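So the chains spell out like this:
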Amino acid sequence: KTVLLLEIYRSYIRKDIKDFAEIENVPAFNNLIELLSHQIGNLVNISDLTNSLSISRPTVENNLFLLQNTFIVLELPPFYTNRRQEIVKSSKVFFYDIGLRNSIMRNFEPLLQRTDKGMLFENSVFSELCKQLSFLETLHFWRSKSKAEVDFIIRGKDIIPIEVKYSNFNSPKIPSGLRSFINTYNPKAAFVITFDYFGEKLLQGTHVFFIPAWCI
């Protein structure tokens, strides 16, 4: 599997996409992919990327557009209804495929031995949520100006907040960011995705379900 993933990375990303898009600055393109592989679940800061790569802002934006439209990465937009109190511009970045991301990082160690296991866990949940979205639903994240945050928001007929926690639970403790979102929007249901914990708790009329990631 490792050999196949590395071959896909070499042939698809480092050759086919480069040739198809006629990329002139190939090192900068490859470096951008590597930088993004270290930033799963983080806000994309174009200015920081341009400074780190020593290339122009339009080049970074064009390369990001290319990576999204060739199904390598996806920028997750923010959810907001109040421009004064919530993040409205910055997006987060995730990889469509964790195996491809591991190929870029040259790291195929088991999950429990990884220092980036939290990132991998969150990206895996992201991938599964994307597969299950209906045509009328969109996926977002939420962050307030006071830095309260929820990992994922499904926006459709109802608003469903989803927080991902790669940690041990002994009781259904609601994370502070999710609690803040519930206080603000009062959704019917919310979810905490855990490693192996089942639970349920009621908060101000919102049913909060704790379920392991394998149940998604």
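Each value, and the rule that gives it
Residues numbered from 1 in each chain as written. Predicted model: local features only at pLDDT ≥ 70, side-chain atom pairs only at ≥ 80, totals over all residues. Heavy atoms only, no water. Pairing = 2+ DSSP bridges. Helix = DSSP H or I, 4+ residues; strand = E, 2+ residues; numbered from the N terminus. Axes fitted to C-alpha atoms, helices over the stretch in contact; angles between N-to-C directions. Contact = heavy atoms within 4.5 Å. Expected span 1.5 Å × (residues − 1). Buried < 20%, exposed > 50% of the residue type's maximum accessible area, 1.4 Å probe, protein only. Parallel < 35°, antiparallel > 145°, perpendicular 65-115°, else oblique. Left-handed = near helix turned anticlockwise from the far one by under 90°. Nonpolar A, V, L, I, M, F, W, Y, C, P; charged D, E, K, R; others polar. Phe/Tyr/Trp six-rings, centres within 6.5 Å; stacked < 30°, edge-to-face > 60°. Disulfide = S-S within 2.5 Å. Polar contact = N/O pair within 3.5 Å; in protein donor to acceptor, adjacent residues only side chain to side chain.

Some words on the sheet that holds strand 8 (residues 206-212)
In spatial order, the strands read 3-4-5-6-8-7; together these 6 strands make up an open sheet with mixed pairing. Two strands lie at the open edges of the sheet, namely strand 3 (138-143) and strand 7 (199-203), each paired on one side alone. On average, each strand axis in the sheet is inclined to that of its neighbour by 25°, with strand direction left out of account. Strand direction decides the pairing type here: strand 6 (residues 189-194) and strand 8, joined by 6 bridges, are parallel. Opposite Ile-193, over in strand 8, you have Ile-211 as the bridge partner. Docked against the sheet, helix 6 (residues 117-132) engages strand 3, strand 4 (149-155), strand 5 (159-164) and strand 6, running at close to 10° with respect to strand 4.

Focus on helix 6
Taking 1.5 Å as the rise per residue, helix 6 with 16 residues should run 22 Å; its terminal C-alpha atoms sit 23 Å apart, in good agreement. Taken residue by residue, helix 6 has Leu-120, Phe-121, Glu-122, Asn-123, Val-125, Phe-126, Ser-127 and Leu-129 as its buried positions.

Let's talk about the packing of helix 2 (residues 26-37) against helix 5 (residues 98-105)
How two helices sit against one another is set out by the angle between their axes and by the gap between those axes. The contact between helix 2 and helix 5 brings their axes to 9 Å, and the two run at 115°. One element, helix 2, and the other, helix 5, form an angle in the roughly perpendicular class. In the crossing of helix 2 with helix 5, the sense of the turn from one axis to the other is left-handed. When helix 2 is examined against helix 5, the residues Ile-33, Glu-34 and Ser-37 are found in contact with a partner set consisting of Arg-101, Ile-104 and Met-105. Among the residues forming the contact of helix 2 with helix 5, the class breakdown is 3 nonpolar, 1 polar and 2 charged.

Some thoughts on the packing of aromatic side chains
Counted according to the given criterion, the structure contains 16 aromatic pairs. Here Phe-121 and Phe-195 contribute two aromatic rings whose centre-to-centre distance is 6.4 Å and whose plane-to-plane angle is 50°, an arrangement assigned as tilted. Here Phe-121, found in helix 6, pairs with Phe-195, found in the loop between strand 6 and strand 7; they are 74 residues apart in sequence, far enough to count as distant. Overall, Phe-195 belongs to the partly exposed group, its relative accessible area being 34%. Between Tyr-197 and Phe-210 the ring centres are 6.0 Å apart and the planes differ by 85°, which places this aromatic pair in the edge-to-face class. A residue pair is termed long-range when its members are at least 10 positions apart, and Tyr-197 in the loop between strand 6 and strand 7 and Phe-210 in strand 8 qualify at 13 residues. Across the pair, Phe-210 and Tyr-197 agree in class, each one buried. These aromatic residues form a ring-pair network of at least three members: Phe-79, Trp-142, Phe-181 and Tyr-185.

Examining the state of the cysteines
Per the stated rule, a full pass over the model turns up 0 disulfides. For the unlinked cysteine Cys-130, the closest cysteine sulfur is that of Cys-215, found at 19 Å. The partly exposed category is assigned to Cys-130, whose relative accessible area is 26%.

Digging into helix 5
Judged by how many residues are buried, helix 5 sits mostly within the fold: 7 of 8 residues are covered. For helix 5, the set of buried residues is Ile-98, Gly-99, Leu-100, Arg-101, Asn-102, Ser-103 and Ile-104. Capping of helix 5 at its N-terminal end is provided by Asp-97; its side-chain oxygen lies 3.0 Å from the backbone amide nitrogen of Gly-99. Note on helix 5: the residue one or two positions beyond its end, Arg-106, has a positive phi of about 55°.

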